[in-house]
Amino acid sequence: MRSRIGRSHQDRPLRPTFHHLLTLVRGTLWHTVDFTGYALVPGMWLWVRPGQVQQWGDLHEVDGTLILFESDFLDRATAAGAHLNDAHAPVVYEPDDADHQRLTSAAEHLSHAFAGPASSRSTCGRPCYGTCWPYSCSAFRT
């Protein structure tokens, strides 16, 4: 995460045009979304949607996975199922044990699959921003 979020981006509020999904494996991150502060710890997921105002907390004591994607990257059925454009959807999710395991496995898979320098394009040929949502490319469909 530290390599994706430069110091200049940490110091000021941002209004991104793409989705951020964030989960931690170590530490506590204080993150502000639409001027509400959240304490994110391992096991929780933070979802910042396009147009929401966010401000990063200190990233020095945390490790995790940041998944970035554009709204049109997902097919319609996946977008509808994920409530992609729900402006009132929760920002922080605490999945149950079964969902936590599935989400963690997907995040780890994405982290490994898109960690190298050749990661600017996904397996489906669409551009990625560090990593992709697991069901957006045919290579990840079950």
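Residues numbered from 1 in each chain as written. Predicted model: local features only at pLDDT ≥ 70, side-chain atom pairs only at ≥ 80, totals over all residues. Heavy atoms only, no water.

Asks: Which parts of the structure should I look at to understand the sheet that holds strand β6 (residues 63-69)?
Replies: Judged by pairing direction, the sheet is antiparallel, and its four strands sit side by side in the order β6-β1-β4-β7 without closing on themselves. What marks the edges here is a single partner per strand, and that holds for β6 and β7 (92-93). As judged from the two bridges shared by strand β4 (residues 45-48) and β7, these two strands associate in the antiparallel manner. Paired with Trp45 across the strands is Tyr93, a residue of β7. (Pairing = 2+ DSSP bridges. Helix = DSSP H or I, 4+ residues; strand = E, 2+ residues; numbered from the N terminus.)

Asks: Is there a simple way to explain helix α3 (residues 97-113) in this structure?
Replies: In an α-helix, one turn spans 3.6 residues, which is why side chains three or four residues apart end up on the same side. For α3, which comprises 17 residues, the first-to-last C-alpha distance of 24 Å matches the rise-based estimate of 24 Å (1.5 Å per residue) to within 8%. Among the residues of α3, those classed as buried are Ala106, Ala107 and Leu110. End-on, the buried residues of α3 take up no more than an arc of 100°, which puts them together on one face. Away from its buried face, by an angle of more than 90 degrees, α3 presents the exposed residues Asp97 and His112. Elements that come into contact with the buried residues of α3 comprise β1 (19-26), β4 and β6. (Expected span 1.5 Å × (residues − 1). Buried < 20%, exposed > 50% of the residue type's maximum accessible area, 1.4 Å probe, protein only. Arc of directions from axis to C-beta. Contact = heavy atoms within 4.5 Å.)

Asks: Explain the environment of Glu61 to me, please; I cannot follow it from the model alone.
Replies: Considering the arrangement of structural elements, one finds Glu61 in the loop between β5 (54-55) and β6. Expressed as a C-alpha distance, the spacing of Glu61 and Leu29, which sit 32 residues apart in the sequence, is 8.1 Å. Setting aside chain neighbours within four positions, we find Glu61 in contact with Arg26 and Gly27.

Asks: I tried to follow unusual backbone geometry on my own but got confused; where do I start?
Replies: Glycine aside, the phi torsion of most residues is negative, and most peptide linkages are trans. The phi torsion at Asp34 lies on the positive side, around 50°, for a residue other than glycine. Tracing the backbone shows Asp34 in the loop between β2 (29-33) and β3 (36-40). Look at His83: it is not a glycine, yet its phi comes out positive at around 55°. Within the secondary structure, His83 is located in the loop between α2 (76-81) and β7. Classification of His83 as exposed rests on a relative accessible area of 51%.

Functional significance is not addressed by these values, which are geometric in nature.
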